[in-house]
Amino acid sequence: MADDQNLDSAAAQVERAQADECLRPSIAGFFDEATNTVSYVVHDPKTDEAAIIDSVLDFEAASGRTSNGSADRIIEYVTSNNLKVTWLIETHAHADHISAAPYLQERLGGKLAIGRDIIRVQEVFGKLFNAGTDFERDGSQFDKLFEDGETFKVGELEGIALHVPGHTPADMAFIIGDAAFVGDTIFMPDFGTARADFPGGDAHQLYRSIRRLLSLPDETRLFLCHDYKAPGRDEYAWETTVKQQRQENVHVKDGVSEEDFVEMRTTRDKTLAMPNLIMPSVQVNIRGGRLPDPEDNGVSYIKIPVNAV
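Residues numbered from 1 in each chain as written. Predicted model: local features only at pLDDT ≥ 70, side-chain atom pairs only at ≥ 80, totals over all residues. Heavy atoms only, no water.

A. Here's a closer look at the pairing of strand S10 (residues 157–163). For S10, a buried count of five out of seven residues is recorded, marking the element as mostly surrounded by other parts of the structure. In terms of strand pairing, strand S9 (residues 151–154) meets S10 through four bridges, oriented antiparallel. When the bridges of S10 are listed, Phe152 appears paired with Gly159. As consecutive antiparallel partners, S9 and S10 are separated by two residues, and within that stretch Gly155 has a phi angle of approximately 65°, a positive value. Bridging between S10 and strand S11 (residues 172–176) involves five bridges; their strand directions are antiparallel. In the sheet register, Ile160 faces S11, and the bridge partner there is Ile175. (Buried < 20%, exposed > 50% of the residue type's maximum accessible area, 1.4 Å probe, protein only. Helix = DSSP H or I, 4+ residues; strand = E, 2+ residues; numbered from the N terminus. Pairing = 2+ DSSP bridges.)

B. Spotlight on the sheet that holds strand S14 (residues 239–241). In space, the six strands of this open sheet follow the order S9-S10-S11-S12-S13-S14, with mixed pairing throughout. Strands with a single pairing partner mark the edges of an open sheet, and in this sheet they are S9 and S14. Averaged over all pairs of adjacent strands, the angle between strand axes in this sheet comes to 30°, irrespective of strand direction. As paired strands, S11 and strand S12 (residues 179–181) are joined by three bridges and run antiparallel to one another. When the sheet's bridge partners are listed, Phe174 is paired in S12 with Phe181. (Axes fitted to C-alpha atoms, helices over the stretch in contact; angles between N-to-C directions.)

Here it is, written out as structure tokens:
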């Protein structure tokens, strides 16, 4: 791989954490079976400062009703362990679930963060949903827009953000200590990789982003945003390692060329239906998880563009 100083910094951080357990985070995963999404609470055992990654707001599409059961499980965990939330992190603007970040922020605090290229996603989907000039396309709905290689802290734990586009233009991996939270770039080795056919997606970019992540030290812990139980596996799983992915990933293990991956990914993506919640999810998540402004009757509405995608 070409010279990549930000990747080198991430690898050095992982190595420091692997050498000193005091630099490794405590991690709790919360699986939402309705959307096959894993949310995480990541905290520094020394200071009890925490980050919440990729939270889920429960949404019933048929009725248009929201509820907070998934988020309340996280609140219960945070409060029962006396944690202080400093970050609410989104790995990207999800197309399969609505973020609960504003609900959690109101109750637990913390800065809401995402990658800077959310601006590109806002531009594309702002046009699709005809959001109008009142919808700012500058990322201002978030408290922090991370650049590639930018560092941050969770308590005394080191963190670094890496830009890993391909699934969407804005995907970021957030590495805290020796643990990488990789969003939708990659799944469990027996399931493979994320689709790359959403607006702004690119299978070539996805391959390069995955190979970038798989250049981290072998024992880097990878925490995934989704699991769908590959054929023959009866249990949900969402933690793996760089070494396991390089040896076993059915789409992108060592030896798979970029050309072969792109052909496979492009062919496979043509067979996939759109996620059930893509219209409400993207529409809300580009607003930082906030519903569109209520209309004159006090009700928020989700738009569905007809024959537009």
